[in-house]
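So the chains spell out like this:
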Amino acid sequence: MSQAGGVKVDRLDAIRSHLYANGFSTIQALADAIGASLATVRRDLQVLEREGAIDRVHGGARIAEGSSVELAFQERAKRHLSAKRAIATAAYDLLAPRTAIFLDAGTTVLQLARLIRLNPMPLRIFTNGLTVAQEFLNIPNLEVVLLGGQLRSENASLVGPQAEAMLESIWFDQLFLGASAISPDGAIYSVDSAEASLNKCMLTRSAHRFVLADSSKFGTMATYKVAPLSAAKVITDAGLSAHWRGELVNLDVEMTIADLGAPE
C-alpha cells in the first residue's frame with residue numbers, strides 16, 4: 001500500500017473511532033479531531049457511507065443505525081442499557097435451579113449473565129459468547145460449557161460447523177437468544193450468516209425459547225434471517241410501540257413487557 005493510501009486508511013479508522021466514542025459529530029469536530037481539512041473529511045465520509053459504516057446527516061455524521069455493519073461489542077453493550085437490564089431482570093425471574101440453559105452472545109443476554117453472576121443458583125450454562133462465559137469465572141454452583149468453533153471478533157462469539165455439531169448432542173431447558181433486528185415481516189434477523197445459522201440450531205435444541213430484544217430492535221432489518229418470531233417467546237421493554245404490541249398479538253407470539261422502572 002502506498003504511503004498516501006496508508007494515511008487515508010488511518011484517517012478512516014480515526015473517523016470511525018471518533019464516531020464510536022462520541023456518537024453524532026459535526027464535520028468541523030471530525031476535522032479538528034483527526035487533523036484534516038473539511039474537504040478531506042467530507043470525501044472520507046462519502047467513502048464510509050458507501051461502505052455502510054456511517055450515516056451522513058445534516059452537518060455531520062454518525063455510526064450507521066440499522067445497517068449490517070456491527071459496532072464493536074463493548075460499544076453496542078452500552079446502548080439502551082436501562083432496557084437491557086429490565087429485560088434481563090424479567091428473564092432471570094424465569095430461571096429454575098438445576099436446569100440446563102443456553103445463553104447466546106448478544107449484549108442483552110450479557111446483562112442476564114451478569115444478574116446470574118450477582119445472584120447465582122445451581123445451573124448448567126452453555127454459551128457461545130466469550131464475554132458471557134467470562135462473567136462466570138469463579139462463581140460457585142455453576143457448570144459452564146463454552147462451545148468450540150470459529151472466533152467471530154465482532155460479537156466475541158464462537159460460530160461455525162464445529163459449534164453447530166456440538167449443539168446436536170445437547171438439549172436445553174431454556175434458550176435466551178438476542179437479536180440484531182426484528183424485521184417488519186415478523187422475523188428475527190442477524191447481521192452475520194454464521195451467527196444466524198448457529199442461532200437456528202439453538203432454537204431446535206431447546207424446550208423453551210426466549211428472544212431478548214429491546215424495543216429499538218423492532219421494525220429494523222439485518223441481512224440474514226434466523227427464524228419467524230413465533231419460534232420463541234419475546235421479552236422486551238415498555239418502550240415497545242402499540243403497533244408492535246399489536247403485531248405480536250397478531251403473530252400469536254407470547255410476550256413479556258419488562259418495566260423500565262426509574263431512569264438511570
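Residues numbered from 1 in each chain as written. Predicted model: local features only at pLDDT ≥ 70, side-chain atom pairs only at ≥ 80, totals over all residues. Heavy atoms only, no water.

Visitor: Requested: an account of the pairing of strand β5 (residues 123–127), with residues and values cited.
Guide: For β5, the buried fraction is high: four of the five residues fall into the buried class. A crossover links strand β4 (residues 99–103) with its parallel partner β5, the connecting element being helix α6 (residues 107–118), and its sense is right-handed. Examined bridge by bridge, β5 and strand β6 (residues 142–146) share five bridges and lie parallel to one another. Residue pairing for β6: F126 is matched across the bridge by V145. (Buried < 20%, exposed > 50% of the residue type's maximum accessible area, 1.4 Å probe, protein only. Helix = DSSP H or I, 4+ residues; strand = E, 2+ residues; numbered from the N terminus. Right-handed = clockwise from strand over helix to strand, strands pointing away. Pairing = 2+ DSSP bridges.)

Visitor: Tell me what's going on with the confidence of the model for the protein chain, and back it up with residues and numbers.
Guide: Scored by pLDDT, the protein chain has a mean of 88; 89% of the residues are at 70 or more. Contacts from residues 66–70, a stretch scored under 50 in pLDDT, to residues over four places away or in other chains number 14 contacts. (pLDDT = per-residue confidence, 0-100. Contact = heavy atoms within 4.5 Å.)

Visitor: So what's going on with the sheet that holds strand β13 (residues 224–228)? Which residues, and what values?
Guide: The strand order across the open sheet formed by three strands is β10-β11-β13, and the pairing between neighbours is antiparallel. In this open sheet, the two edge strands, each paired with only one partner strand, are β10 (181–182) and β13. In this structure, strand β11 (residues 187–190) lies alongside β13, joined through four bridges in antiparallel fashion. Opposite A187, over in β13, you have P228 as the bridge partner.

Visitor: Please provide a residue-by-residue account of the nonpolar core, values included.
Guide: Membership of the largest hydrophobic core comes to 31 residues, with the highest contact counts inside it found for F102, L167, I182, V211, F218 and L229. The set of elements that each furnish at least two residues to this core consists of β4, α8 (161–167), β9 (172–177), α9 (193–204), β13 and α10 (242–250). Of the residues forming this core, the biggest block, five residues, is contributed by α9. Beyond its immediate sequence surroundings of up to four residues, F102 is in contact with F126, T127, N128, L147, L167, F172, Q174, L175, F176 and M202. (Core = buried A, V, L, I, M, F, W, Y, C linked by side-chain atoms within 4.5 Å.)

Visitor: Please set out the pattern of salt bridges residue by residue, giving values where relevant.
Guide: Side-chain pairs of opposite charge can arise where the charged atoms are in close proximity. Per the stated rule, a full pass over the model turns up nine salt bridges. Here the salt bridges do not stand alone but share partners, grouping R114, R117 and E135 into one network. (Salt bridge = Lys/Arg side-chain N within 4 Å of Asp/Glu carboxyl O.)

Visitor: Got a sec to walk through the packing of aromatic side chains? Specific residues and values, please.
Guide: Scanning the model with the defined rule gives four aromatic pairs in all. Ring pairing ties together the aromatic residues F102, F126 and F172, which thus form one cluster. (Phe/Tyr/Trp six-rings, centres within 6.5 Å; stacked < 30°, edge-to-face > 60°.)

Visitor: A description of unusual backbone geometry should follow, citing residues and the corresponding values.
Guide: Most peptide bonds adopt trans geometry, and most residues besides glycine take a negative phi value. The phi angle at R98 is positive, at roughly 60 degrees, despite the residue not being glycine. Relative to the elements of secondary structure, R98 occurs in the loop between α5 (81–92) and β4. Of note in the backbone geometry, D252 takes a positive phi value of approximately 60 degrees without being a glycine. Here D252 shows up in the loop between α10 and β15 (255–258). Exposure remark for D252: the relative accessible area of 70% places this residue in the exposed category.

Visitor: Describe α9, with residues and values.
Guide: With twelve residues, α9 extends 17 Å from end C-alpha to end C-alpha; this agrees with the ideal 16 Å at 1.5 Å per step. Those residues of α9 not exposed but buried are E195, A196, L198, N199, C201, M202 and L203. N-cap assignment for α9: the residue whose side-chain oxygen lies 3.1 Å from the backbone N of A194 is D192. (Expected span 1.5 Å × (residues − 1). Polar contact = N/O pair within 3.5 Å; in protein donor to acceptor, adjacent residues only side chain to side chain.)

Visitor: Outline the side chain of T108, supporting the account with residue identities and numerical values.
Guide: Within the secondary structure, T108 is located in helix α6. If sequence neighbours within four positions are ignored, T108 has contacts with K84, I87, A88 and L212.

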